[in-house]
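# Results of the structural survey
Residue strings, one per chain:
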Amino acid sequence: MEFLIVFVVSAFFLALIGVAMAFGKSPSYRPDRHYVLKLIKGVEDRTTTEQAWDMLIGYPISHDPELEAIRRQLVELHEGNLDRPAARQGINGYIYDRESRQRLQSVVIQLEKLIAESPVTREF
């Protein structure tokens, strides 16, 4: 009798897990342009956390090619390239040092221009 009760309870929970996996939505990282701008500006005023910044530069953005190009510029700033060294760690709560934060300003200008040129859409 105990076996039957344990079996029924286990089967019920396995069925719930199966239903959740079949009809659930897989997690995805889909930041919009305004959120990315907020994160970049947050590096300057210390409101962006290191976890949010690592998430931004660590995951590709497949739903917006222009935003992916911005993200790749941020990765290049973070990791460096042949022309420029990698961004240095900041102090006193900053993610980057002063020079690296100044290099971010060109990306901010580019992203603000991209946001201004994007068409306005509404979902009904």
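Structure report, in brief.

Here is what the cut-offs are and how they apply
Residues numbered from 1 in each chain as written. Predicted model: local features only at pLDDT ≥ 70, side-chain atom pairs only at ≥ 80, totals over all residues. Heavy atoms only, no water. Helix = DSSP H or I, 4+ residues; strand = E, 2+ residues; numbered from the N terminus. Rg over C-alpha atoms; globule rule 2.2 N^0.38 Å. Buried < 20%, exposed > 50% of the residue type's maximum accessible area, 1.4 Å probe, protein only. Contact = heavy atoms within 4.5 Å. Areas by Shrake-Rupley, 256 points an atom, 1.4 Å probe, with all protein chains shown as cover. Lys, Arg positive; Asp, Glu negative; His and termini not counted. Charge placed at Lys NZ, Arg CZ, Asp CG, Glu CD. Axes fitted to C-alpha atoms, helices over the stretch in contact; angles between N-to-C directions. Parallel < 35°, antiparallel > 145°, perpendicular 65-115°, else oblique. Left-handed = near helix turned anticlockwise from the far one by under 90°. Nonpolar A, V, L, I, M, F, W, Y, C, P; charged D, E, K, R; others polar. Expected span 1.5 Å × (residues − 1). Core = buried A, V, L, I, M, F, W, Y, C linked by side-chain atoms within 4.5 Å.

A count of helical and extended segments in the protein chain gives 5 helices and 0 strands. In sequence order, the secondary structure elements of the protein chain are arranged as α-α-α-α-α. Computed over its C-alpha atoms, the radius of gyration of the protein chain comes to 22 Å, more than 25% above the 14 Å expected for a compact globule of 124 residues. Principal-axis analysis of the C-alpha atoms gives the protein chain an extent of 70 × 40 × 30 Å. Taken over 124 residues, the protein chain has a buried fraction of 29%. In the protein chain, the share of contacts with a sequence separation of at least 24, taken over all contacts with a separation of at least 6, comes to 54%. Of the roughly 9,500 Å² that the protein chain leaves accessible, carbon and sulfur atoms contribute 59%. The averaged location of the 17 negative side-chain charges in the protein chain is 4 Å from the averaged location of its 15 positive side-chain charges.

This brings us to the packing of helix H2 (residues 33-45) against helix H3 (residues 50-58). Relative orientation of the contacting elements H2 and H3 amounts to 130 degrees, with a least axis distance of 11 Å. Viewed along their axes, H2 and H3 adopt a mutual orientation that is oblique. Viewed along their axes, H2 and H3 form a crossing whose handedness is left-handed. Between H2 and H3, the residues in contact are Tyr35, Val36, Leu39, Ile40 and Val43 and Ala52, Trp53 and Leu56, respectively. The residue makeup of the contact of H2 with H3, split by class, is 8 nonpolar, no polar and no charged.

On to helix H5 (residues 98-117), then. Along its 20 residues, H5 runs 29 Å from first to last C-alpha, staying within 8% of the 28 Å computed at 1.5 Å per residue. For H5, every residue scored as buried is listed here: Ser100, Arg101, Arg103, Leu104, Val107, Val108, Leu111, Leu114 and Ile115. As for H5, its buried residues are in contact with H2, H3 and helix H4 (65-79).

Look at Arg46: it is not a glycine, yet its phi comes out positive at around 65 degrees. Here Arg46 lies in the loop between H2 and H3. With phi around 60 degrees, Asn92 is a residue other than glycine that occupies positive phi space. For Asn92, the position within the fold is in the loop between H4 and H5.

This part covers the nonpolar core. With 24 residues, the main nonpolar core has Ile40, Trp53, Leu56, Leu74, Tyr96, Leu104 and Leu111 as its most contacted residues. Only H2, H3, H4 and H5 provide two or more residues apiece to this core. No other element matches H5, which puts 6 residues into this core. Setting aside its immediate chain neighbours within four residues, Leu56 contacts Tyr29, Val36, Leu39, Ile61, Arg71 and Leu74.

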